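Report on the structure
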4 protein chains.
Amino acid sequence: MVPPHTALMKLDGIFPPITTPFDHDGNLYKAKVRHNVEKWNLTALAGYVVCGSTGESVLLTGEEKLQLWGWVAEYAAPEKLLIAGTGMESVRETVSLTNQAAEAGYKAALVRTPHYYKNLVSNAAAQMLFFRAVADQARIPVLIYNVPQATGVDISAEAVIQLSEHPNIVGLKESSGNIEKLMRMTREAKPGFQVLSGSAPTLWPSLMVGAAGAVLALANAAPYSTIAIWEAFRTREYGAAEDWQNRISRAAVLVTAKYGVPGLKYAMDLNGYYGGPPRLPLTVPSPEAKREIEEAFKDLKG
Amino acid sequence: MVPPHTALMKLDGIFPPITTPFDHDGNLYKAKVRHNVEKWNLTALAGYVVCGSTGESVLLTGEEKLQLWGWVAEYAAPEKLLIAGTGMESVRETVSLTNQAAEAGYKAALVRTPHYYKNLVSNAAAQMLFFRAVADQARIPVLIYNVPQATGVDISAEAVIQLSEHPNIVGLKESSGNIEKLMRMTREAKPGFQVLSGSAPTLWPSLMVGAAGAVLALANAAPYSTIAIWEAFRTREYGAAEDWQNRISRAAVLVTAKYGVPGLKYAMDLNGYYGGPPRLPLTVPSPEAKREIEEAFKDLKG
Amino acid sequence: MVPPHTALMKLDGIFPPITTPFDHDGNLYKAKVRHNVEKWNLTALAGYVVCGSTGESVLLTGEEKLQLWGWVAEYAAPEKLLIAGTGMESVRETVSLTNQAAEAGYKAALVRTPHYYKNLVSNAAAQMLFFRAVADQARIPVLIYNVPQATGVDISAEAVIQLSEHPNIVGLKESSGNIEKLMRMTREAKPGFQVLSGSAPTLWPSLMVGAAGAVLALANAAPYSTIAIWEAFRTREYGAAEDWQNRISRAAVLVTAKYGVPGLKYAMDLNGYYGGPPRLPLTVPSPEAKREIEEAFKDLKG
Amino acid sequence: MVPPHTALMKLDGIFPPITTPFDHDGNLYKAKVRHNVEKWNLTALAGYVVCGSTGESVLLTGEEKLQLWGWVAEYAAPEKLLIAGTGMESVRETVSLTNQAAEAGYKAALVRTPHYYKNLVSNAAAQMLFFRAVADQARIPVLIYNVPQATGVDISAEAVIQLSEHPNIVGLKESSGNIEKLMRMTREAKPGFQVLSGSAPTLWPSLMVGAAGAVLALANAAPYSTIAIWEAFRTREYGAAEDWQNRISRAAVLVTAKYGVPGLKYAMDLNGYYGGPPRLPLTVPSPEAKREIEEAFKDLKG
């Protein structure tokens, strides 16, 4: 079931894990999906991750995910690579969602580590069983998604290196910001395995040590600044890269570790995208948080 | 929307969080649900928790939960209190599931703490907002479910004590085994708020310090031994209670912390219930684990 | 080198891990050591632990420890059992201090788990090597001291059970408040091995499940209330025990987890003992903390 | 008491935190201190850190530390900068040791965060109080030492940035390998504040993002390879730097996270330095560990 063109898919560049627009009744807001995607289409973003952590995927039903995948596929410019967040706790449901995303035109699936039964699934053997079982049945390539700050589980470099041998596991998104681990994976995984950074505050050093690209929440609200780092890296203008890195770091922390998706949505509202309200139990940022976000983004255009 | 009889619901006694039977294709196995429930009906178990962590709820779809709730409601003896595990990350989906459980005849909902966006939802303010929002809209009483070994989030005694003031939040299941916290909650929560232990290895001391009852994975496979502790406690036969406690502790650890749901299902198979296979990524115990479970259960009848 | 009378030493009852009095230049304050010990001599406390965590042992030099051991040995009533806190990271220094304490008349040594090189010393093999090496060379019996809230290391029940076979390891102080672990150790360790609780908020349930006694910071400031629980337990007046337990729990948390040694010293000052200032980086409690302590201790006499 | 030349001290380059040679009775081994130091004198190492974590400082007495400081000062080449590890839990003892090191000719003191009373000393206020109190009384400049893998305490970037304003706190050694934090400190601390990496597997990216130099256990056994990265960085030969980084990473992990000081001492023995035995509870590596170390070091000369 492995697609013949796996080896050709390039994951380099910057991908936003796009936020999910809700209206004020908390329903999906199709017009704003279109607004955001069409605005991002004008940038050099490499593609879109739809229904990741930043997309509030754990607050969505399966039907809502299908709707979002369809809408984004409709509005995305043809050159944008589409990646679907499809990870669930069970192999069965992850495969089902992945193959539904494939039918909707998605080219790869981002699958987070299972984490609920921590005593049973946080060891390398269980993780490898899970990802192999998913990848065997998935009709599109699989990217491992490691995000210990949410899951409380950290897949080891060793397990990832072994999983890189699977023909349908083509890469990994590492959101921990652990540079040592990222270096080890880029050094020891199968050639062609692509490691994506999920941490904007370490984007530049991640690229320097071998990351193929990055999936960055910040890129929803401030795509140009993250692309600037990517371009400076590619053209070996390291001074410019470091300078841009220093300019985005504070803003990046505010819209992830500190204020999360609600903070990011507020930054999007500031920059001409639709952020809007999150779903409960997430809540809009406090007035103080909003001021802090305004301050951090005042030199970062959309 | 708070039901008039909340104050009358007694949660004392022993409840199994029932396992979910799957056939060898991984589908729900209705005949075995019936077999197990009818066998438990013959015991003094106080009721059933359906779709808790032990029920592999995170590996089930919403539709499957509805089916299970329906089947158990159909087969349960009328005196058994029915509790539905309905917690999801969003308020919206938790309320929806809770009210579907209410329609299926369930008398209370067990709602675990949200935990995915740990930086945003593991503080007391966010936890209180979540549980109040759910309880405001739920048509049956709500029990808070604290299980840090799975969620990586531990709701504080202070937050629970404040939440106990809500008229539709009637109790809590505490699975951490933290006796100090359990004592504090029973001492300081609103009178009538019922604290249930979720930890069989500390059942007897939990009852001694004020737990109203317990929700115990072990009670799926060995209900009589857990009921024996409950009865010895109620009749003040403390020597017998301690003796039974010592007899069950090893077995209890094997079917929770050590081998989890797959280990419990194997113990059920040994004791005349249907355990069967778990869903992937959970897997059947190794031969060594099976032998360890056989040894621990050889004096614990079903 | 194992003393012939090991088997006879009874560690039952309540022991304060005594605080170390400093004058306002930060030097040891001999007159106040005498004042406190002579006042405690009038109670039914079973003995004294000198240079434990509560004694700010990690803030003392080796010479100061020797001085304290000498002074307390001089002032203690003859029926009080003397225990010295002698744990250091190295076997060599722990043995040296232990045997100096033996010469000063101490009957047992309380030795905490090594913890600095966590990657090397927090496994069972290293812990067993450490305690066996110390116990082999110690001229007085050894008590294992487990205090994960300070060390970040938690010795397992399995390791303790194996160590209980050593003829010169006679017991353990468990400060985590983990009742399940305490039950397992009392159930499976060698008969005669004595488990002491180090957690006042769980004193009564700890005694119910088999603790021989307790080493309690709170007993410095409020010895009578902790002894009351002990006596009620021994005479099977469980209602009284639970009642006293509920009365002390808030105060116990304030002088340990919440405000630590500085809070305890302030409570001692309130109750006719000398508390005085701690050593930097510990600092005297804030005015708000002091008021909270005053409130909690107003019904707990010295 | 702040020395007038603080601003001039440059901490750039590579420093080994030197191991402490013991003979087979476990006593300090002066001849081997001389052997090692004279061999390191022939390299471009920037100086020596004496009595750090790698020096088994927590297994040494105060007297032994003084001896070591004296011997190393005697044997070190004059251009080598001498730094003493002087951190203790108390301000009093830390100041005392620091000023003894100053008398012995040491130019700076490396002071780790206090960590035993975690509930009281792991907040920013207590950490700032501790370091300011030490720095106020120290006769040589102070370097903050953050090593959460040993202490269980992680001083925040914010606290470090504030402490960088103190005229006698001139830098920090960060051993966590957290590149995001390192970048933030180099970006926001007072100009001139020097951040040293304590993590060899991230040496090159640490230098790229602003570290002034590094204190690396690996430099005891393989100084040339760590110096090669430093020199490649300074001459902007980034390909060479990355290449060397990839060559050392496996070895670096073996002699720190995986096998610790005993593993490092074995690697020193392989490379013509004296490693020798560690002090108990540390033990010599197993035969398998030794083979793994031999393999990793076979291309890394001393």
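Residues numbered from 1 in each chain as written. Chains lettered and ligands numbered in written order. Predicted model: local features only at pLDDT ≥ 70, side-chain atom pairs only at ≥ 80, totals over all residues. Heavy atoms only, no water.

On a plain count of helices and strands, chain A comes out with 14 helices and nine strands. Computed over the C-alpha atoms, the radius of gyration of chain A is 18 Å, within 12% of the 19 Å expected from 2.2 N^0.38 for a compact globule of 302 residues. In terms of principal-axis extent, the alpha carbons of chain A reach across some 45 × 45 × 40 Å. Sorting the 302 residues of chain A into buried and exposed places 65% on the buried side. (Helix = DSSP H or I, 4+ residues; strand = E, 2+ residues; numbered from the N terminus. Rg over C-alpha atoms; globule rule 2.2 N^0.38 Å. Buried < 20%, exposed > 50% of the residue type's maximum accessible area, 1.4 Å probe, protein only.)

This next bit is on the side chain of D:Asn168. Residues and elements named next belong to chain D. Take Asn168: it is sitting in the loop between helix H7 (157-163) and strand S7 (169-174). For Asn168, the side chain forms a polar contact with the main-chain oxygen of Ala138, separated by 3.3 Å. At a separation of 3.3 Å, a polar atom in the side chain of Asn168 contacts the main-chain carbonyl oxygen of Ile140. (Polar contact = N/O pair within 3.5 Å; in protein donor to acceptor, adjacent residues only side chain to side chain.)

Let's shift gears to the interface of chain A and chain B. Contact with chain A, which involves 45 residues of that partner, is made by 45 residues of chain B. In terms of surface lost to chain B, no three residues of chain A exceed A:Arg92, A:Tyr116 and A:Tyr117, which account for 23% of the buried area on that side. Listed by contribution, the elements that provide at least two residues to the side of chain A that touches chain B are helix H3 (91-103), helix H4 (118-121), helix H5 (124-137), helix H6 (148-151), helix H12 (238-258) and helix H13 (260-270) of chain A. By residue number, the principal contributor to the side of chain A that touches chain B is H4(A), which donates four residues. Across the side of chain A that touches chain B, the residue classes tally to 21 nonpolar, 14 polar and ten charged. (Contact = heavy atoms within 4.5 Å. Buried area = accessible area lost by both parts, 1.4 Å probe. Nonpolar A, V, L, I, M, F, W, Y, C, P; charged D, E, K, R; others polar.)

Residue and element names in this part refer to chain D. Two elements in contact, helix H1 (residues 30-41) and helix H2 (residues 62-75), have axes separated by 9 Å at closest approach and are oriented at 40 degrees. Relative to H2, the element H1 lies oblique. In this structure, the crossing between H1 and H2 has a hand that is right-handed. Contacts between H1 and H2 involve Lys30, Val33, Arg34, Val37, Glu38 and Asn41 from the former and Leu68, Trp71, Val72 and Tyr75 from the latter. (Axes fitted to C-alpha atoms, helices over the stretch in contact; angles between N-to-C directions. Parallel < 35°, antiparallel > 145°, perpendicular 65-115°, else oblique. Left-handed = near helix turned anticlockwise from the far one by under 90°.)

As a further point, take the relation of the copies chain B and chain C. Expressed as a screw transformation, the operator carrying chain B onto chain C has a rotation angle of 180 degrees and an axial translation of 0.1 Å, and the superposed copies differ by an RMSD of 0.0 Å. This pairing of chains is accounted for by a two-fold axis. Within chain B, B:Pro205 has its C-alpha nearest the rotation axis, a separation of 3.0 Å. Interface residue correspondence from chain B to chain C reaches 100%, placing this contact among same-surface, isologous pairings. (Least-squares fit on C-alpha atoms with pLDDT ≥ 70 in both.)

In this section: the interface of chain B and chain C. A common measure of how large an interface is: the accessible area buried when the components associate. At the junction of the two partners, chain B supplies 17 residues and chain C supplies 17 residues. Counting the surface lost from both chain B and chain C, the interface buries some 1,500 Å², and carbon and sulfur atoms represent 67% of this. One can count two residue pairs in polar contact (both at pLDDT 80 or more) joining chain B with chain C. Contributing elements (two or more residues each) for the side of chain B that touches chain C: helix H8 (179-188), helix H9 (203-208) and helix H12 (238-258) of chain B. The greatest single-element share of the side of chain B that touches chain C, amounting to six residues, is contributed by H12(B).

Of all residues in chain A, 97% have pLDDT values of 70 or greater, and the mean over the chain is 96. Every residue in residues 1-6 of chain A is under pLDDT 50, and counting partners more than four places away or in other chains gives 13 contacts. (pLDDT = per-residue confidence, 0-100.)

Before going further, it helps to examine helix H8 (residues 179-188) of chain D. When H8(D) is considered as a whole, its buried residues turn out to be D:Ile179, D:Lys181, D:Leu182, D:Met183 and D:Met185. Put simply, D:Asn178 is the residue that caps the front of H8(D), since its side-chain oxygen is 3.1 Å from the backbone nitrogen of D:Glu180.

Attention shifts here to the packing of helix H12 (residues 238-258) of chain D against helix H13 (residues 260-270) of chain D. All names here are of chain D. Relative orientation of the contacting elements H12 and H13 amounts to 140 degrees, with a least axis distance of 6 Å. Our classification of the angle between H12 and H13 gives oblique. Contacts from Leu254, Val255, Thr256 and Lys258 in H12 reach Gly260, Val261, Gly263, Leu264 and Ala267 in H13. Residues belonging to the contact of H12 with H13 are distributed by class as follows: five nonpolar, three polar and one charged.

Residues and elements named next belong to chain B. Overall, parallel pairing links the nine strands, which are arranged S1-S9-S8-S7-S6-S5-S4-S3-S2 in an open sheet. Only two strands of the sheet have a single neighbouring strand rather than two, namely strand S1 (13-15) and strand S2 (17-18). Relative to strand S9 (residues 213-215), strand S8 (residues 194-197) runs parallel, the two sharing two bridges. The residue bridging Ser197 from the neighbouring strand is Ala214, located in S9. H8 rests against strand S6 (142-146), strand S7 (169-174) and S8 of the sheet, and its axis sits at about 160 degrees to S8. (Pairing = 2+ DSSP bridges.)

The peptide bond linking A:Leu280 to A:Pro281 adopts the cis configuration, its omega dihedral lying at 15 degrees. You can see A:Pro281 is positioned in the loop between H13 and helix H14 (287-297). Non-glycine residue B:Glu56 carries a positive phi angle of around 55 degrees. Tracing the chain through its elements places B:Glu56 in the loop between strand S3 (47-50) and helix H2 (62-75). The exposure class of B:Glu56 is buried, given its relative accessible area of 0%. For B:Arg236, which is not glycine, the phi dihedral falls at a positive 60 degrees. Mapped onto the secondary structure, B:Arg236 falls in the loop between helix H11 (223-234) and H12. Relative accessible area serves as the criterion here: at 65%, B:Arg236 is assigned to the exposed category.

Residues and elements named next belong to chain A. All chains considered together, the criterion is met by 52 salt bridges over all chains. Here Arg184 makes a salt bridge to Glu158, at a shortest N to O gap of 2.6 Å. Here Arg184 is found in helix H8 (residues 179-188), whereas its partner Glu158 is found in helix H7 (residues 157-163), with 26 residues between them in sequence. With a relative accessible area of 24%, Arg184 lands in the partly exposed category. The class for Glu158 is partly exposed, based on a relative accessible area of 39%. Linked through salt bridges whose partners overlap, the residues forming this network are Glu158, Arg184, Arg187 and Glu188. (Salt bridge = Lys/Arg side-chain N within 4 Å of Asp/Glu carboxyl O.)

All names here are of chain D. Judged by pairing direction, the sheet is parallel, and its nine strands sit side by side in the order S1-S9-S8-S7-S6-S5-S4-S3-S2 without closing on themselves. Looking at which strands have only one partner, the edges of the open sheet turn out to be strand S1 (13-15) and strand S2 (17-18). In this structure, strand S3 (residues 47-50) lies alongside strand S4 (residues 81-85), joined through four bridges in parallel fashion. Bridging across to S4, Val49 finds its partner in Ile83.

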